[in-house]
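# What the coordinates show
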Amino acid sequence: MKIESVATERLLLHPLTVAEGERVAARELLPGERWAEGYPGAGDLASVGAFLRRCAEDGDPGAFRTYQIRLAESGVVVGGIGFHGAPGPDGAVTVGYGIVPGERGKGYASESLAAVIGIARAAGATVLRGDADPVNVASHRVMERAGMRRVGGGEGLVRFLVGLEA
């Protein structure tokens, strides 16, 4: 299934294909590709690995996949954002994201999360969830800026969600 990239003011969210995911997992750049220092990080590798497993087990996940966060102007990959899977029976989907250390604090996570909320809504999800470490206040702020509200915690995480129904 062909999924189009999503442009924001400063970013391009590029939907990974299986072949691209395999290259990221192997840390193999193609000529002309540019990755910021620190990409892929541990979180990116875990996300890409989960994406590849889901594709192998269930086929193409459509919009509910992993996206590279690229700077629109230069194409440099500065992180990743994606869904942990398709929506469950309740219509809820969970998102995770990460920006390389040298590019944090520039609003890229907030900009990406706002775009992913739009992707989830357009693809039919009714709720978007996110989790963060209790001490990761920056991630809490990212989710709050995107309109997500804190709904509790558990298992060492703080949970956030936003309803997506119109």
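In the block above lies the structure referred to throughout.
These remarks concern the structure in this document.

Conventions we followed
Residues numbered from 1 in each chain as written. Predicted model: local features only at pLDDT ≥ 70, side-chain atom pairs only at ≥ 80, totals over all residues. Heavy atoms only, no water. Buried < 20%, exposed > 50% of the residue type's maximum accessible area, 1.4 Å probe, protein only. Helix = DSSP H or I, 4+ residues; strand = E, 2+ residues; numbered from the N terminus. Pairing = 2+ DSSP bridges. Salt bridge = Lys/Arg side-chain N within 4 Å of Asp/Glu carboxyl O. Axes fitted to C-alpha atoms, helices over the stretch in contact; angles between N-to-C directions. Parallel < 35°, antiparallel > 145°, perpendicular 65-115°, else oblique. Left-handed = near helix turned anticlockwise from the far one by under 90°. Contact = heavy atoms within 4.5 Å. Nonpolar A, V, L, I, M, F, W, Y, C, P; charged D, E, K, R; others polar.

## Observations concerning the pairing of strand β7 (residues 149-154)
Buried residues are scarce in β7, accounting for zero of its six residues. Connecting the antiparallel pair β7 and strand β8 (residues 157-163) is a turn made up of two residues, with Glu155 showing a positive phi of about 55°.

## Looking at the pattern of salt bridges
Scanning all chains against the criterion turns up six salt bridges. Lys106 serves as the salt-bridge partner of Glu103, at 2.8 Å between the closest nitrogen and oxygen. The exposure class of Glu103 is buried, given its relative accessible area of 17%. Classification of Lys106 by relative accessible area gives partly exposed; the value is 40%.

## Quick look at the packing of helix α3 (residues 108-122) against helix α4 (residues 137-145)
Running from N to C, α3 and α4 point in directions that differ by 40°, and their axes come no closer than 9 Å. Relative to α4, the element α3 lies oblique. When you trace α3 past α4, the crossing you get is right-handed. Residues Ala109, Ser110 and Leu113 of α3 form the contact with α4, whose participating residues are Val142, Met143 and Arg145. Grouping the amino acids of the contact of α3 with α4 by side-chain chemistry returns four nonpolar, one polar and one charged.

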